[in-house]
Amino acid sequence: MVRLGGLIEQIRGVSYKPEDVYDKLDENSVILLRANNIKDGQLNFDDVVYVDKKRVRDNQLLKAGDVLICTSSGSKELVGKAAYVREDLPMTFGAFCKVVRPQKIHPNYLGHFFNSPNYRQKISDSSAGANINNIRNEHIDELEILLPTAERQKYIAIVLDKLTGLISLRKQQLAKLDELVKARFMEMFGDPEYNNRNLPIYKLSDLCEVGSSKRIYQNEQSSDGVPFLRVSDLVNRIDKGIESCELFIPSEKYKELCSQKLVPYQGDILVTSRGTLGKCYIVKDTDKFYFQDGMISWLSNFDKRITSVYISSLFSMSGFQKQITSLQSGSTIAYLSISMLKKLNIMLPTLQSQQQFVDFVEQVNLFGLTIQQSLDKLEVLRKSLMQEYFG
């Protein structure tokens, strides 16, 4: 193991003032990337900023082999996330980021290290601040890395590149299946924003019960037992299964809730109602869990004229999301109260057409399940190799 400080150069991001920001890219401005442009180990060019070229030094332009890192954030989950730069780019990066530029190490090998669980754990442990999480130069310099021969570094980079490419492909396939379902929805029922099929409209409260869970206090949670879902679990982990959640309640508490009929049943829908709004999860017959009150809403006892799959798909449509946005409140965090949910306008197609759509979704989900299983195996393999290569 060697310290990283002797193998790299660190370059701080660009500081700029509001008057340095341009409305568009022109001969006097340059694209500036921020923490939001780092996603899943890669650069994302959505929502960039254009700043005056005069604020940017030559060494602050991105070069092939650079690793762009988020160094300051109010969220511990965001600080330290990194993206490998595969080619020279006429772009720079903001003051809450930095670039690690390889000097005496294979660039792509270094890039994979900065997306390894070992790195994430070490940087998370060292970056805590009072009100904001920060990564200082010494945090990076003091990281230790296995340094095999140059040839071995190149081989490891090639292996991880291929594996990462396969993982990315599987994720793209799943995204395409999601697009396929949405396209079929539009074809059968029209755009929820305009209801151009003139379907009858009902309030959500006319079609199901809208509520939430019983409050579970922190001292009632436990380190094992029955999974306790938070908004972050529904948004980030639910595709991997209930068992991937990190909080629990005692089994005895869950039995008590069951006896009071306060747990969701097969076909019920959970809806995120704080932060990320309107993400749905349809409860399966094998599920055993409880969920956070006030953050996740609970749709149950559906009218016989409507199906859970139709409602869940409706919530995912951009036209329907606009209706949610128009109702939401909260000055800093988006919030959708139970009373707001009850007021949502729901297009109601015939039960026959809904069932046709459900059959289509079930077929797509079968394909998706095969792809998800392949993705899960690839991610397990990647994690294993990361452990082998980087400790």
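Residues numbered from 1 in each chain as written. Predicted model: local features only at pLDDT ≥ 70, side-chain atom pairs only at ≥ 80, totals over all residues. Heavy atoms only, no water.

Asks: Lay out the pattern of salt bridges with the relevant residues and their values.
Replies: This model, assessed by the stated rule, comprises 14 salt bridges. Ionic pairing is found between R86 and D161, a salt bridge with its closest N-O pair at 3.1 Å. Placement of the pair is R86 in the loop between β10 (82–84) and β11 (91–93) and D161 in helix α4 (residues 150–189), with a sequence separation of 75 residues. Taking relative accessible area as the criterion, R86 reaches 55% and is therefore assigned exposed. Between K253 and E220 there is a salt bridge whose closest N-O contact spans 3.1 Å. On the criterion of sequence distance, the pair formed by K253 in helix α7 (residues 251–259) and E220 in the loop between β16 (209–211) and β17 (226–229) is long-range, its members being 33 residues apart. Judged by its relative accessible area of 13%, K253 falls in the buried class. Each of E220, K253 and E256 takes part in one network of salt bridges that share partners. (Salt bridge = Lys/Arg side-chain N within 4 Å of Asp/Glu carboxyl O. Helix = DSSP H or I, 4+ residues; strand = E, 2+ residues; numbered from the N terminus. Buried < 20%, exposed > 50% of the residue type's maximum accessible area, 1.4 Å probe, protein only.)

Asks: Can you explain the nonpolar core? Please cite residues and give values.
Replies: Residues L204, L299, I311, F315 and I346 are the most contacted members of the largest nonpolar core, which totals 36 residues. With five residues, α4 is the single largest residue contributor to this core. Leaving out residues up to four positions away in the same chain, I346 has contacts with P200, I201, Y202, K203, L204, L207, I306, I311, L314 and F320. Core analysis: the next-biggest nonpolar cluster, separate from the first, contains 30 residues, Y84, I105, L110 and L385 among them. (Core = buried A, V, L, I, M, F, W, Y, C linked by side-chain atoms within 4.5 Å. Contact = heavy atoms within 4.5 Å.)

Asks: Can you break down unusual backbone geometry residue by residue, with the values?
Replies: Keep in mind that most residues, glycine aside, have a negative phi and that most peptide bonds are trans. One non-glycine residue, D40, lies in the positive phi region at around 50°. Among the secondary structure elements, D40 is positioned in the loop between β5 (38–39) and β6 (42–43).

Asks: Tell me about the sheet that holds strand β8 (residues 67–70), and please be specific about residues and values.
Replies: Here we have four strands laid out as an open sheet, ordered β2-β12-β8-β10, and antiparallel in their pairing. One side of each edge strand has no neighbouring strand; the edge strands of this open sheet are β2 (8–12) and β10. Direction aside, neighbouring strands of the sheet carry axes that sit 20° apart on average. (Pairing = 2+ DSSP bridges. Axes fitted to C-alpha atoms, helices over the stretch in contact; angles between N-to-C directions.)

Asks: Please provide a residue-by-residue account of the environment of V159, values included.
Replies: Looking at the secondary structure, you find V159 in helix α4. Note: C-alpha distance between V159 and R382 (223 residues apart in sequence) is 9.6 Å. Beyond its immediate sequence surroundings of up to four residues, V159 is in contact with L385 and Y389.

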